[in-house]
Amino acid sequence: MTRTMHLWGIFSVATIITVLSYVILTETDRQETATAKIQAQAVTAATDLYAENCVSCHGASGEGILSTPPLNSDALRMMDEESILKTIARGRYGTTMAAWSVDEGGVLSNSAITQLVTFIYHADWEAVSARVAALGLTPPEPVVVEISPETMTQIQALPDGASLANGLTLYTENCVACHGTAIAPTLNSEDLRSRLTDDDLTRIIREGVAGTLMAGWSNILSETEVTDLVNFIRNYPVLETAGITLPTAPPPIAVEMTPELIAEGGRLFGILCVQCHGVNGYGTQIAPALNAQPFLDDTPDSALAQIIANGVPGTKMPAWGGYLSESDVLAITAYIRSWAPTAPPTVGN
Ligand code: HEC
Ligand code: HEC
Ligand code: HEC
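So, a few notes on the structure that sits alongside this text. (Residues numbered from 1 in each chain as written. Chains lettered and ligands numbered in written order. Predicted model: local features only at pLDDT ≥ 70, side-chain atom pairs only at ≥ 80, totals over all residues. Heavy atoms only, no water.)

## Section: the overall build of the chain
Logical step 1: The helix and strand tally for the chain stands at 18 helices and zero strands.
Logical step 2: Residues counted as buried form 39% of the 349 residues belonging to the chain.
Logical step 3: Partitioning the intrachain contacts of the chain with sequence separation of at least 6 by distance along the chain shows that 66% fall at a separation of at least 24.
Logical step 4: By element, 60% of the accessible surface of the chain is carried by carbon and sulfur atoms, the whole surface being about 19200 Å². (Helix = DSSP H or I, 4+ residues; strand = E, 2+ residues; numbered from the N terminus. Buried < 20%, exposed > 50% of the residue type's maximum accessible area, 1.4 Å probe, protein only. Contact = heavy atoms within 4.5 Å. Areas by Shrake-Rupley, 256 points an atom, 1.4 Å probe, with all protein chains shown as cover.)

What follows is the structure, encoded as structure tokens:
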């Protein structure tokens, strides 16, 4: 009798355990499904936030543009949530990475920022780039210069040719847009070569020149790449002696103020400027209104183009010159100018 009860007891305990673990397991399952669902929703919502606010600098597939770092990297996914959250919420002091949190004068709620953090860990960047394209927000390609295969072969045949060729490639990808135009001094001058040692060049390329458009490249270029660039800058005369013509950026194009140009400027403004300067340039907490009579009266076209190309160093206003072609800059200038007849007499924001 007692033994049967004992057995029954064991049996019931076993049953309870089985039932309980079943409940616990399905509950974990359920929670996991719920978490996955919340995560998927966050990623979807954040894709549009990303398209509207971040593509202009970090690229349609998170690949990074010019000296702006990529967001699609394993290195970033290894970073803890708190650090990524802080970077987006508070920005990075002294860089064009603005503080996006409303608490810091930005335009994004804290829940939007949390969604962006989840997005950075879990985004499918191919899908992001497709969504960005569907929204018409794919940023223009940075100014690029082609080097002919013949030139490359010629350079590779020189002593230390592999390094020089790599330096030239890096130069055309990253530097010519500014250094091959009026935006920045030429890197091919006797003055530069006598004034700056290899160590100076390395430091300038890595750290940039504070308060100017010259950003630091240490996050973007590897040690070897910097060395190849220094080698290339130092050996310009060798390349010239070998009869190699060096690339310059495409010459500036003079454009008239046409409806097409204004429309193109509006399109670019919608991609690159609206997140800071607001819809129709009415301003946000991040950046001043541009659609305002006093500003438009005081700022001639040449000054507008200059500000757009060079940015306002030491503020969140990026320099677009290394990124937009001259005609893009003129299109945006034309678009901003087109507000003049209807601009509010005072800043309404
Ligand atoms: C105007 C250009 C610009 C825009 C727009 C911009 N960023 Fe950035 N972002 C930068 C720059 C420049 C850096 C690198 C700052 C530094 O050197 O530390 C950066 C860094 C970051 C980093 C840290 C990357 C790392 O590897 O440490 C994250 C994360 C980031 N941005 C997210 C965003 C998100 C999300 C948005 C949109 C809400 C955004 N950024 C919009 C320019 C921009
Ligand atoms: C967005 C424009 C821009 C880009 C892109 C750019 N630079 Fe610069 N760079 C400048 C400006 C402007 C200066 C001058 C800063 C000053 O006034 O001291 C400069 C200065 C320099 C100097 C010092 C020149 C001197 O005579 O003292 C070097 C070296 C240099 N850049 C190398 C590079 C290299 C290499 C790259 C590509 C990896 C690059 N820069 C990309 C704008 C740019
Ligand atoms: C990351 C935010 C940000 C983005 C993106 C941005 N700007 Fe700005 N812009 C600013 C800030 C901040 C200022 C004010 C700088 C200062 O304090 O002088 C400014 C200033 C300006 C000014 C001068 C305004 C004045 O009152 O002197 C012009 C013109 C301008 N921006 C045009 C543009 C254009 C055109 C674009 C897009 C191609 C653009 N900005 C994108 C932040 C931004």
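## Quick notes on the site of ligand 2
Logical step 1: Contacts to ligand 2 come from 20 residues, most closely from C175, C178, H179, R195 and M214.
Logical step 2: A distance of 2.7 Å is found between a nitrogen atom of ligand 2 and a side-chain nitrogen or oxygen belonging to H179.
Logical step 3: Elements that contribute at least two residues to the shell around ligand 2 include exactly α9 (176-179), α10 (190-195) and α11 (198-207).
Logical step 4: Of all the elements, α11 adds the most residues to the shell around ligand 2, at three residues.
Logical step 5: Classifying every residue of the shell around ligand 2 by side-chain character gives 16 nonpolar, three polar and one charged. (Near = heavy atom within 4 Å. Polar contact = N/O pair within 3.5 Å; in protein donor to acceptor, adjacent residues only side chain to side chain. Nonpolar A, V, L, I, M, F, W, Y, C, P; charged D, E, K, R; others polar.)

## Here we look at the site of ligand 1
Logical step 1: Taken together, 23 residues surround ligand 1, and among them C54, C57, H58, R92 and M97 come closest.
Logical step 2: Here H58 contributes a side-chain N or O atom positioned 2.9 Å from a nitrogen atom of ligand 1.
Logical step 3: Within the side chain of R92, a nitrogen or oxygen atom sits 2.7 Å from an oxygen atom of ligand 1.
Logical step 4: Those elements that provide at least two residues to the shell around ligand 1 are α2 (55-58), α4 (81-90) and α5 (110-122).
Logical step 5: Broken down by element, the shell around ligand 1 gets its largest block of residues, three residues, from α2.
Logical step 6: In terms of residue class, the shell around ligand 1 is made up of 13 nonpolar, nine polar and one charged.

## Observations regarding the coordination of the iron atom of ligand 1
For a metal with four tetrahedral donors the ideal donor-metal-donor angle is 109.5 degrees, whereas six octahedral donors ideally subtend 90 or 180 degrees.
Logical step 1: For the iron atom of ligand 1, every protein donor is listed as H58 (NE2) and M97 (SD), and the spread of their distances is 2.1 to 2.2 Å.
Logical step 2: On the basis of relative accessibility, which here comes to 10%, the residue H58 falls in the buried class. (Donors = N, O, S within 2.8 Å, 3.2 Å for Na, K, Ca; no water.)

## A word on helix α8 (residues 161-174)
Logical step 1: Taking 1.5 Å as the rise per residue, α8 with 14 residues should run 20 Å; its terminal C-alpha atoms sit 20 Å apart, in good agreement.
Logical step 2: Residues of α8 that are buried: G161, S163, L164, A165, G167, L168, L170, Y171, T172 and N174.
Logical step 3: Turning to α8, the residues buried within the fold contact α7 (149-156), α9, α12 (223-234) and α13 (236-241). (Expected span 1.5 Å × (residues − 1).)

## Quick notes on the packing of aromatic side chains
Logical step 1: For the coordinates displayed, the defined rule picks out eight aromatic pairs.
Logical step 2: With a centroid separation of 5.5 Å and 50° between ring planes, the pair formed by F269 and Y335 is classed as tilted. Of the two residues, F269 sits in helix α14 (residues 259-272) while Y335 sits in helix α18 (residues 326-337), which places them 66 residues apart along the sequence. Of the two residues, F269 and Y335, both sit in the buried class.
Logical step 3: Plain terms: the ring middles of Y335 and W339 are 4.9 Å apart, the flat faces sit at 65° to each other, and that makes the pair edge-to-face. There is no split in this pair, since Y335 and W339 are both buried.
Logical step 4: Among the aromatic residues, those joined into a cluster by ring pairs are Y50, F119 and W125. (Phe/Tyr/Trp six-rings, centres within 6.5 Å; stacked < 30°, edge-to-face > 60°.)

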